[in-house]
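Coordinate analysis (summary)
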Amino acid sequence: MSEVSVPKRKEKCENCTNQCNKKQSEDGAHSHLEKEEVNGQVPEGSSLLLSSCLSCDGCLSEEESLKISQQNLEELERVLALNKKCDVSKHRVLVASVCPQSLPFFAVKFGVDITEAAHKLCGFLKSLGVHFVLDSTVAAGFSILESQKEFVQRFRRRNHDSTALPMFTSSCPGWIRYSERVLGSLVTPHICTARSPQQIMGCLVKDFFSKQQKLSPEKVFHVLVAPCFDKKLEAVREEFYNSLLESRDVDCVLTSGEIYYLMEQRRVSVEELDSVPLDHVLGEAGDAALLRHEGRGSEGFLEHVFKHAAKELFGLEVQEVTYKTLRNRDFQEVTLERDGETLLQFAAVYGFRNIQTLVHRMRKGRVPYQLVEVLSCPGGCLSGRGQAESDGGGRVDKALVQQMEDAYSSLPVRLPELNPALQTLYQDWLQGHDSTHTHTLLHTHYSSQTHTQPPHMQW
């Protein structure tokens, strides 16, 4: 978001204040969680405070609310309808990018394997009028490689740069918003500057792919299918908007659940859908096989950076990463040791309750980790509320999540370093791994956007 001009803010609905006060009254909580922390852990009862704050849109500016209101099925249908009219000047080429964490949802719902689900989904989207359907795994590969490179650089300057470590991952927009709006300068200098897979995919489509198709970026309408509602907020960030071309890297984010709802609305059955192979950013020369990265289903930033850093910094080959569960399955750590000496200590922290614990430890200078993979959804990206909620709403469907995890883990793994498409794109699109193009298009920056908060929301 731009720091130069702050848009007018909406009147608060006060729901977050009421909920926080109610919860504090019920639990007898203190106004500051520093007093509540017990043995380094934030107690269960405090989780409502943060989740109420972040799930409420009362702090959104009017401008943000307007932009997010356009991230819906109606906007997609509006563009599709314009394409059917005679005024060719208003026609757009629709490109849909599908997150790899969304495909297991469709596999479970369709009752098929992931590859077949991807082909059925592609068939449905093209039947609507979408021209190209891409797998965004290649963008995640870029994000992982750039994160690996940045971590090594930070580690090597740790002794003369107090903000070099720990490094926090930057792929989760819920975590980024919380960091910028609530935590501020305590955390923002530590956030990895590599863009998220979503926004790298946006650059790839609007810059490389559009040129390949001989299209100007504003003629392309880029839809991204994601497991998480927070991705909508990420898409409207100011730094991802080209004012000269009046074009966003990602024009519209739709959740997996929204796409499935559209299928139900149109009474489309899986059996009648054509199986259509996905397109590839490199055209027919690309590798169309569906592959995944290592990890539990959230692109595995921790595992990839851990293995790369072990080899690059210490000359050690790590074949398998062993997690040690601390507080719960969503707070785990991994350690690299040699001759009894701890060389690296990373953590995976998922869910805002665990994030609160991490933040309180950081405030007290008790974070031993060099890297923390942070995700706002408990269970990671597969559990995103845009696809994992039960039919009744409000709760995660654990059985569905387990089925999605099983489906996702069935895909073969390939390290991004071994992906020939990435190496081709580094050369043909970015002019090299360390070029100005690489830094400009694959990186961004995060800064404090904190605002004065009432005492019950001081973190």
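What you see is a predicted model; the values in this text were computed from it and never measured. (Residues numbered from 1 in each chain as written. Predicted model: local features only at pLDDT ≥ 70, side-chain atom pairs only at ≥ 80, totals over all residues. Heavy atoms only, no water.)

What follows deals with the overall build of the chain. In terms of regular secondary structure, the chain is built from 16 helices and eleven strands. When the 459 residues of the chain are sorted by exposure, 56% land in the buried category. Within the chain, counting contacts between residues at least 6 apart in sequence, those at least 24 apart form 74% of the total. Surface summary for the chain: the accessible area is close to 20200 Å², and the carbon and sulfur share equals 49%. (Helix = DSSP H or I, 4+ residues; strand = E, 2+ residues; numbered from the N terminus. Buried < 20%, exposed > 50% of the residue type's maximum accessible area, 1.4 Å probe, protein only. Contact = heavy atoms within 4.5 Å. Areas by Shrake-Rupley, 256 points an atom, 1.4 Å probe, with all protein chains shown as cover.)

A few words now on the packing of helix H6 (residues 114-128) against helix H11 (residues 256-265). Where H6 meets H11, the closest approach of the two axes is 12 Å, and the angle between their N-to-C directions is 65°. Between H6 and H11, the angle is such that the two are roughly perpendicular. As H6 packs across H11, the resulting crossing turns out to be left-handed. Within the contact between the two elements, H6 uses Leu121, Phe124, Leu125 and Leu128 and H11 uses Ile259, Leu262 and Met263. (Axes fitted to C-alpha atoms, helices over the stretch in contact; angles between N-to-C directions. Parallel < 35°, antiparallel > 145°, perpendicular 65-115°, else oblique. Left-handed = near helix turned anticlockwise from the far one by under 90°.)

With that out of the way, let us pick up the sheet that holds strand S2 (residues 132-135). What the four strands build is an open sheet, ordered S2-S1-S4-S7; its pairing is parallel. Strands at the two margins of the open sheet, each flanked by one partner only, are S2 and strand S7 (252-255). Each neighbouring strand pair of the sheet contributes to a mean axis angle of 25°, computed without reference to strand direction. Sheet analysis places strand S1 (residues 93-98) next to S2, joined by four bridges and oriented parallel. When the bridges of S2 are listed, Val98 appears paired with Asp135. Lying over the sheet, H6 contacts S1 and S2, oriented at roughly 150° with respect to S2. (Pairing = 2+ DSSP bridges.)

Turning next to the confidence of the model for the chain. Here the chain averages 83 in pLDDT, while 82% of its residues score no lower than 70. Segment residues 1-53: pLDDT under 50, and 89 contacts once partners within four positions in sequence are set aside and those in other chains are kept. (pLDDT = per-residue confidence, 0-100.)

Now for the sheet that holds strand S10 (residues 341-350). Across the sheet, which stays open at both edges, the five strands sit in the order S3-S11-S10-S9-S8 with mixed pairing between neighbours. Looking at strand neighbours, the two that pair on one side only are strand S3 (167-168) and strand S8 (324-328), the edges of this open sheet. Pairing geometry for strand S9 (residues 331-338) and S10, over eight bridges, is antiparallel. Its bridge partner lying in S10, Thr335 is registered against Gln345. Lying on the sheet, helix H12 (residues 301-314) is in contact with S9, S10 and strand S11 (371-375); it crosses S10 at an angle near 165°.

This brings us to the pattern of salt bridges. Counted under the stated rule, the structure contains 19 salt bridges. A salt bridge links Arg78 to Glu75, with the nearest nitrogen and oxygen atoms 2.9 Å apart. Linking Arg78 with Glu75, this pair stays in helix H4 (residues 73-83), spanning three residues, or about one helical turn. In this structure, Asp434 and Lys149 form a salt bridge, with 3.3 Å as the shortest nitrogen-oxygen distance. Placement of the pair is Asp434 in the loop between helix H15 (420-428) and helix H16 (436-442) and Lys149 in helix H7 (residues 137-156), with a sequence separation of 285 residues. (Salt bridge = Lys/Arg side-chain N within 4 Å of Asp/Glu carboxyl O.)

Let's shift gears to the pairing of S1. The element S1 is extensively covered by neighbouring structure, given that six of its six residues are classed as buried. Along S1, one buried face is formed by Val93, Val95 and Ser97 and the opposite face, lined by Leu94, Ala96 and Val98, is buried too. Pairing analysis gives six bridges linking S1 to strand S4 (residues 220-226), with the strands arranged parallel. Residue pairing across strands places Ala96 opposite Val223, the latter belonging to S4.

Each regular strand shows side chains that alternate between the opposite faces of the sheet. Where S8 and S9 come together, three bridges link them in antiparallel fashion. Bridge assignment links Lys324 to a residue of S9, and that residue is Glu333. Between S8 and S9, which follow one another and run antiparallel, lie two residues.

Where a protein is soluble and globular, its nonpolar side chains tend to be buried together. In this structure, Phe151, Phe168, Trp175, Leu344 and Phe346 are the most contacted members of the largest nonpolar core, which totals 48 residues. Mapped onto this core, the elements with two or more residues apiece are H7, S3, helix H8 (173-183), H12, S9, S10, helix H13 (352-363) and S11. Dropping the residues within four chain positions of it, Trp175 is found in contact with Phe168, Thr169, Leu183, Val187, Ile355, Val374 and Ser376. Among the nonpolar cores identified, the runner-up in size contains 40 residues, and Ile114, Leu128, Val223 and Ala407 belong to it. (Core = buried A, V, L, I, M, F, W, Y, C linked by side-chain atoms within 4.5 Å.)

With that settled, the discussion passes to the packing of H7 against H12. Relative orientation of the contacting elements H7 and H12 amounts to 45°, with a least axis distance of 9 Å. By the criterion of interaxial angle, the relationship of H7 to H12 is oblique. Where H7 crosses over H12, the two elements pack in a sense that is right-handed. Contacts from Ser143, Ile144, Ser147, Gln148, Phe151, Val152, Phe155 and Arg156 in H7 reach Phe301, His304, Val305, His308, Ala309, Glu312, Leu313 and Phe314 in H12. The residue inventory of the contact of H7 with H12, partitioned by class, reads nine nonpolar, five polar and two charged. (Nonpolar A, V, L, I, M, F, W, Y, C, P; charged D, E, K, R; others polar.)

It is worth spelling out H7 at this point. The end-to-end C-alpha distance of H7, which contains 20 residues, comes to 29 Å, matching closely the 28 Å that a straight helix rising 1.5 Å per residue would cover. Judged by how many residues are buried, H7 sits mostly within the fold: 17 of 20 residues are covered. (Expected span 1.5 Å × (residues − 1).)

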